[in-house]
Amino acid sequence: MIDLHIDAWRAWAPGVDAPADWAAWAADPHPIVDRGEQPACDFVPAMQRRRLSRLARIVMHAAWPLCGGDEQLPFVFASRHGETTHTFAMLDEIGREAPLSPTRFGLSVHNAIAGQWSILRGQRGESVAIAGEADTFEHAIVEAAALLGEGASAAIVVVAEELPAEAYDGWIDDVPFSYTLALRVSLAGGGPRWRLSLGENTGATPAAGEPHALRFVRALHHGATLDHPWKTRRWTWQPIA
């Protein structure tokens, strides 16, 4: 069982960005169409911004305002599928017997975005990159709780996915559109307090539809309990008064 405070959060999906957008979506969820939009990330210098993939831009856009300019906070990046766009492009190069781009390879590894965050922000502390299953979000929270338990005043947790290429249809079926959710969590902050508990799953199946991290956004708005069954695990989010 984990108790923590969500001191601040930000989310992004195509056409849904501002707090008012998410409040409207949480009140009346609607299908989100991904046409390849991406945040501008004008706060990143142009030279470095050119190296940011779409997934990296999504992450930076959501997480950047949650960390003060001089703060040194642990950073947990979580993505089940990671940089599928870079990976697919490299596979295409291999199929065409074209030379692989070392830069593309370096930016495709799972901890690349965490590394870019550390460089761009001047962060010298812990950064962690996690790839799990459908409950990757919860595993990221467990990691953040461990960092808080070791003395960190707060931690930044980001879960993000990018809509994969059509070639992955039938293989990746849990990313209907690109999205990210960034949280600033602490053990004694001023934000709402939530409890995450883990129990045994005896047969429940995950809810279909929007990504689980965005179902959590709805729970944040409504202050509602949220269950997330996956295989033998059953995670429960509960707001604590």
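Residues numbered from 1 in each chain as written. Predicted model: local features only at pLDDT ≥ 70, side-chain atom pairs only at ≥ 80, totals over all residues. Heavy atoms only, no water.

Asker: Is there a simple way to explain helix H8 (residues 212–222) in this structure?
Answerer: An α-helix turns once per 3.6 residues; consequently, residues spaced three or four apart project the same way. For H8, the tally of buried residues reaches 8 of 11 residues, placing the bulk of the element in the interior. Among the residues of H8, His212, Ala213, Leu214, Arg215, Phe216, Val217, Ala219 and Leu220 are the ones counted as buried. (Buried < 20%, exposed > 50% of the residue type's maximum accessible area, 1.4 Å probe, protein only. Helix = DSSP H or I, 4+ residues; strand = E, 2+ residues; numbered from the N terminus.)

Asker: Is there a simple way to think about the side chain of Thr180 in this case?
Answerer: Mapped onto the elements, Thr180 comes out in strand E5 (residues 179–186). On the basis of relative accessibility, which here comes to 0%, the residue Thr180 falls in the buried class. Reaching out from Thr180, the side chain makes a polar contact with the backbone oxygen of Val159 at a distance of 3.0 Å. (Polar contact = N/O pair within 3.5 Å; in protein donor to acceptor, adjacent residues only side chain to side chain.)

Asker: What am I meant to see in the layout of surface pockets here?
Answerer: Which parts of space are left empty comes out when a probe the size of a water molecule is rolled across the atoms. Computed from the structure, the largest pocket encloses a volume of approximately 440 Å³. Residue lining of the largest pocket: 27 residues in total, with Arg80, Ala134, Asp174, Pro211 and His212 positioned closest to the centre. Mapped by element, the contributors of at least two residues to the lining of the largest pocket are helix H7 (136–149), strand E4 (155–161), H8 and strand E7 (226–230). Approximately 160 Å³ is the volume attributed to the second largest pocket. Taken together, Gln48, Arg51, Gly106, Leu107, Ala112, Gln116, Ile119 and Leu120 make up the full set of residues lining the second largest pocket. Of all the secondary structure elements, the ones that give two or more residues to the lining of the second largest pocket are helix H5 (102–108) and helix H6 (112–121). A total of 4 residues in the lining of the second largest pocket trace back to one element, the largest contributor, which is H6. Across the lining of the second largest pocket, the residue classes break down as 4 nonpolar, 3 polar and 1 charged. (1 Å grid on protein atoms, 1.4 Å probe; cavity = no way out; pocket = protein on both sides within 12 Å on 5 of 7 lines; lining within 4 Å. Points joined across faces, edges and corners; volume = space filled by probe spheres on them. Nonpolar A, V, L, I, M, F, W, Y, C, P; charged D, E, K, R; others polar.)

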